[in-house]
Each structure stands twice: as C-alpha cells, then as structure tokens.
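Single-letter residue listing:
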Amino acid sequence: MTPTNSAVEMLVSSSNTLFILLGAIMVFAMHAGFAFLEVGTVRHKNQVNALVKIMTDFAVSALVYFFIGYQIAYGVNFFDSAAVLSQEHGYSLVKFFFLMTFAAAIPAIISGGVAERAKFYPMLISAAIIVGIAYPLFEGVVWNGNFGIQDWLETKFGAPFHDFAGSVVVHAFGGWVALAAILLLGTRKGRFRNDKLVAFAPSNIPFLALGAWILCIGWFGFNVMSAQTLEGISGLVAVNSLMAMVGGIIAAMLFGKNDPGFIHNGPLAGLVAICAGSDIMHPIGALATGAIAGAIFTLLFTIIQQKFKHTDDVLGVWPLHGVCGAWGGIAAGIFGSEALGGLGGVSLASQLMGSLGGILVAILSGFVVYGAVKAVSGLRLSEEDEFNGADLAIHKIGSIGKE
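Parameters at a glance
- Residues numbered from 1 in each chain as written.
- Predicted model: local features only at pLDDT ≥ 70, side-chain atom pairs only at ≥ 80, totals over all residues.
- Heavy atoms only, no water.
- Helix = DSSP H or I, 4+ residues; strand = E, 2+ residues; numbered from the N terminus.
- Rg over C-alpha atoms; globule rule 2.2 N^0.38 Å.
- Buried < 20%, exposed > 50% of the residue type's maximum accessible area, 1.4 Å probe, protein only.
- Contact = heavy atoms within 4.5 Å.
- Areas by Shrake-Rupley, 256 points an atom, 1.4 Å probe, with all protein chains shown as cover.
- Lys, Arg positive; Asp, Glu negative; His and termini not counted.
- Charge placed at Lys NZ, Arg CZ, Asp CG, Glu CD.
- Patch = residues over 30% accessible without salt bridge, like charges linked within 9 Å, V, L, I, M, F, W, Y side chains within 5 Å.
- Salt bridge = Lys/Arg side-chain N within 4 Å of Asp/Glu carboxyl O.
- Core = buried A, V, L, I, M, F, W, Y, C linked by side-chain atoms within 4.5 Å.
- Axes fitted to C-alpha atoms, helices over the stretch in contact; angles between N-to-C directions.
- Parallel < 35°, antiparallel > 145°, perpendicular 65-115°, else oblique.
- Left-handed = near helix turned anticlockwise from the far one by under 90°.
- Nonpolar A, V, L, I, M, F, W, Y, C, P; charged D, E, K, R; others polar.
- Bend = angle between axes of the 7 residues up to and from the residue.
- Polar contact = N/O pair within 3.5 Å; in protein donor to acceptor, adjacent residues only side chain to side chain.
- Phe/Tyr/Trp six-rings, centres within 6.5 Å; stacked < 30°, edge-to-face > 60°.
- Lys NZ or Arg CZ within 6 Å of the ring centre and 35° of its normal.
- Disulfide = S-S within 2.5 Å.

A. Region of the structure containing the overall build of the protein. Within the protein, the secondary structure is distributed over 15 helices and two strands. Scaling as 2.2 N^0.38, a compact globule of 403 residues should have a C-alpha radius of gyration of about 22 Å, and the protein matches this with 21 Å. When the backbone C-alpha atoms are referred to their principal axes, the protein occupies close to 75 × 50 × 40 Å. Out of the 403 residues belonging to the protein, those deemed buried represent 56%. In the protein, 80% of the contacts between residues at least 6 apart in sequence involve partners at least 24 apart. Surface accessibility of the protein: about 16,800 Å² in total, with carbon and sulfur atoms responsible for 69%. Across the protein, the 19 positively charged side chains and the 23 negatively charged ones have centroids separated by 17 Å.

B. Quick peek at a nonpolar patch on the surface. A cluster of nonpolar side chains, contributed by Leu63, Phe67, Ile68, Ile72, Phe79, Tyr121, Ile125, Ile129, Ile133, Leu137, Phe147 and Ile149, occupies part of the molecular surface with about 1,200 Å² of accessible area. Those elements that provide at least two residues to the nonpolar patch are α2 (47-74) and α5 (120-144). Broken down by element, the residue count for the nonpolar patch peaks at five residues, all from α5. Here tyrosine 121 lies in helix α5. The exposure class of tyrosine 121 is exposed, given its relative accessible area of 58%.

C. Here's a closer look at the nonpolar core. The biggest cluster of nonpolar side chains holds 107 residues, and the ones touching the most others in it are Tyr65, Tyr135, Phe173, Trp176, Trp219, Phe222 and Tyr370. Discounting residues that sit within four places of it in the chain, tryptophan 219 has contacts with Met30, His171, Leu268, Leu271, Val272 and Cys275.

D. Local environment of the packing of helix α11 (residues 283-307) against helix α12 (residues 317-335). Where α11 contacts α12, the axes come no closer than 9 Å and their chain directions differ by 150°. As judged from the angle between their axes, α11 and α12 are roughly antiparallel. For the pair α11 and α12, the crossing hand works out as right-handed. In contact with Gly285, Ala288, Thr289, Ile292, Ala293, Ile296, Phe297, Leu300, Phe301 and Ile304 of α11, α12 contributes Trp318, Pro319, Leu320, Val323, Cys324, Trp327, Ala331 and Phe335. By residue class, the composition of the contact of α11 with α12 is 16 nonpolar, two polar and no charged.

E. Representation of α12 in the model. The largest bend in α12 is about 25°, located at cysteine 324. For α12, the buried fraction is high: 17 of the 19 residues fall into the buried class.

F. Representation of the pattern of salt bridges in the model. For the coordinates displayed, the defined rule picks out six salt bridges. Between arginine 43 and glutamate 116 there is a salt bridge, and its shortest N-O distance comes to 2.9 Å. Here the residue arginine 43 occupies a position in the loop between α1 (3-41) and α2, and glutamate 116 occupies one in the loop between α4 (87-113) and α5, the gap between them amounting to 73 residues. A salt bridge links arginine 191 to aspartate 312, with the nearest nitrogen and oxygen atoms 3.4 Å apart.

G. The environment of asparagine 77, seen in detail. Locating asparagine 77 in the fold gives a position in the loop between α2 and α3 (82-85). A distance of 3.1 Å separates a polar atom in the side chain of asparagine 77 from the backbone nitrogen of phenylalanine 79.

H. Looking closely at the packing of aromatic side chains. One pass over the full model with this rule turns up 25 aromatic pairs. Considering the side-chain rings of tyrosine 70 and tyrosine 74, the 5.1 Å spacing of their centres and the 45° angle between planes classify their relative orientation as tilted. Within this pair, tyrosine 70 and its partner tyrosine 74 are both found in helix α2, separated by four residues, close to a single helical turn. This pair shows no difference in class: tyrosine 70 is buried, exactly as tyrosine 74 is. Among the aromatic residues, those joined into a ring-pair cluster are Tyr65, Phe66, Phe67, Tyr70, Tyr74, Phe78, Phe79 and Phe96. Directly above the ring of phenylalanine 200 sits arginine 43, whose terminal nitrogen or CZ lies 3.9 Å from the centroid. One Lys or Arg, lysine 45, reaches over the ring of phenylalanine 387 and ends 5.5 Å from the middle of that ring.

I. Local environment of the environment of leucine 254. Positionally, leucine 254 belongs in helix α9 (residues 235-255). Along the primary structure leucine 254 and threonine 298 are separated by 44 residues, whereas in three dimensions their C-alpha atoms are 9.5 Å apart.

J. Summary view of the environment of phenylalanine 200. Secondary-structure assignment places phenylalanine 200 in the loop between β2 (196-197) and α8 (205-224). In this structure the C-alpha to C-alpha distance between phenylalanine 200 and valine 314, which are 114 residues apart in sequence, comes to 9.2 Å. Look past the residues within four positions of phenylalanine 200 in its chain and what remains in contact with it is Arg43, Glu116, Arg188, Lys189, Gly190 and Arg191.

K. Layout of the packing of α5 against helix α7 (residues 167-185). As a packed pair, α5 and α7 sit with axes 10 Å apart at the nearest point and diverge in direction by 140°. One way to sum up the angle between α5 and α7 is to call them oblique. Between α5 and α7 lies a crossing whose hand is right-handed. Residues Ile130, Ala134, Tyr135, Phe138, Glu139, Val142 and Trp143 of α5 touch α7, and the partners they reach there are Val168, Val169, Val170, Phe173 and Val177.

L. Quick look at the side chain of serine 365. Checked against the element boundaries, serine 365 lands in helix α13 (residues 348-377). The class of serine 365 is buried, set by a relative accessible area of 14%.

M. Structural detail: the state of the cysteines. A full pass over the atoms with the stated rule returns zero disulfides. For the unlinked cysteine cysteine 275, the closest cysteine sulfur is that of cysteine 324, found at 11 Å. For cysteine 275, a relative accessible area of 0% puts it in the buried group.

Below you can see the structure in the form of structure tokens.
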C-alpha cells in the first residue's frame, strides 16, 4: 500500500467516525426533547418524574444494549482489548453509540404513554428487558438480516423490508409496546367523571414546544446519519425529512384547530413516518407522507381520548409512534416506488409484512414483559401516591421548590 493510499484510507476512516459520532450526539440530544415534551404535557406534580425517567432509562438502556442487546442484533461484543476496539479510529464503538441512542428511544417513547401513574423501578426493569432482548431481536431481523427473513421477503416479493431510519424498527415498535403497558396500567384516577372525559391540560406549553423543537432538530441526525458513512450521505434524506415535518405541521394545524399540543406534535408525526422511506421518496411524496401522518395523529388521538376509556395514553405515543410509524413503513412502499417519483427497489407487500410483523412482535413483547413485571411487583402507584403525584411519591421533591 502506498503512503497516499494509506493516508486516504485514514482520512476516510476518521471522517466516517466523526460523521456517525455527530449523528449519535444529535440523537442523544433528542432525549432532552423527549423529556421536555413530557414535562410540558404532564401535570406539575409529575414533572420531576418525567425528567428522572428519561435520564435513568437512557443509562439503563446503554448498559443492557452494550452487554446484551447489541450482540443479539449484530453478533458483536466489546470484550476485546481497547487496542482492538480503537482500530479504524474506533468506528465500531461510535456505531454502537449511534445505534444505542436509537434503542434508548424505546423507553423514552413508552415513558410518555404511561406517565403520571407508573411505579419507578418496575418500569425501569421492564424497559431494560425490552431494550436488552425484545427490541434487538426485531432490529437484528431488519437491519442485520438475522434469521433469513429479509432474504425470504426479497425472494418472495422482489425486495426486502425497507426501513432506512426506523419508522417501524424504532417508532412503531416503541409505540406498540407502549400500548400494551398503557392497557395493563389502566386509566389515571379522575380521568372520567359521570362517564364524561375530564381533560388534564398540559402544565407548560413552552416546555412542550421546547421538547418538540429539540426533537425536530435532532431528527436530522436520526435520519441523515442513518447512512452511517459519509459516502452514503444524501441530501434527499434531509429534504424529505424537512418536507414530511412541514406536512405534519400543516395537517395538525388544520385538523387540530390551532391547538398548540397538536401543532407541536404534528411535525413529530411527520418525522416518525418519513424515517423508513426518507432515502427513496420524492420530496412531494415525503410531504404527502408527513401530512397523512399529521392527520392520523390528530384524529386518532382525539378519538382515543373521547372513546377509548381504557387507553389513557398521556402523550399520545401509540398514535404518534405506533400508528404513524407503521404508516411510515407502508408509505415507503407506496411513495418510494418509481411510479410515484421514488427511487424504487421497494415492495409494497414486503413493507406491509414488515410493518405488521413489527407490530406483532412489539405488542406480544409488551404484554409478556409488562404483564410478568405486573404479576411480580405491580406497575402502578398506590391511589394516594398517584393523587399526591409521582414527584413527591417517588422523588420526594416537586418541580418548583418552596421558599
């Protein structure tokens, strides 16, 4: 190898390491968005709990994914020497960091659905099992070709299941696991009086908006950096993400009647939906995908609140992540086709099967894990603790100190 070739390879390796590290940092920052979105939505007496859950869930997710989950998904462990791990500028390590921030989004998603009435440690243990075992099993199938399912789909339908940045792998999975936990937990006390819904207004719209903005910005790392190398970077992914976000905002504004909660969740619905096909759609297709997602979230969340009395989803994570994520998987098969201006190489049948498969694995995992933990230790705070709020009941301090 000539010195020039060696220098070029070193530059490529170091650049790829920096590229994916920046992506990992941007997705890591999104967890602040999850935190403030929840803080702004829950009542004052549960704000501290929202912050603590997101922070501790992240730490536990990092541990279980490092020691167990990453090996299940990709067959890679970190028990070599530091000399081996740091080869190629430590690219393999920052790749883990990047994918771990995706895995840690699962409990962050769930947190918003089960807010205001869940015990602390049982939920933390449940999250650890989901991130350490259940999620990596599905992630490995889609993103590493485990168990030959992707090969079978390609043989049968002409293309494997396409999920570039995790509409189904991350968001739908997290949303449908959350639905199981929400149903097992039950409705918050005081939610219905005389068979009529009692609306619990968001405690802090500016915090809710801050969370949405942080998530929107970080999402460009979530999507664009999913290329994982500089060679694979595409401005198409960035602009498709932008257009889907805008479509989600406009749809939420129209269908949500200017409600600030809907308007700040609309862009998130669009971004959830575009993850899967952001690398293959035309920007107009991305705009349509995001707009449909914004409408789905707004309308479905309203129906859930008014009609589904046993589905008390505080932040609407099931419609936002679960349903819009599944829509994103299907949309990749529609708007990613060459007939609608996409790059092609995708099969609608594979997209349907992959999306439905993700839902099935997630809902089954959610009921098994949260059901088992509920049987052993219970998932829900006592009625008195729920009335006093998770802040005082669990953390012995409120969000606003008293003089």
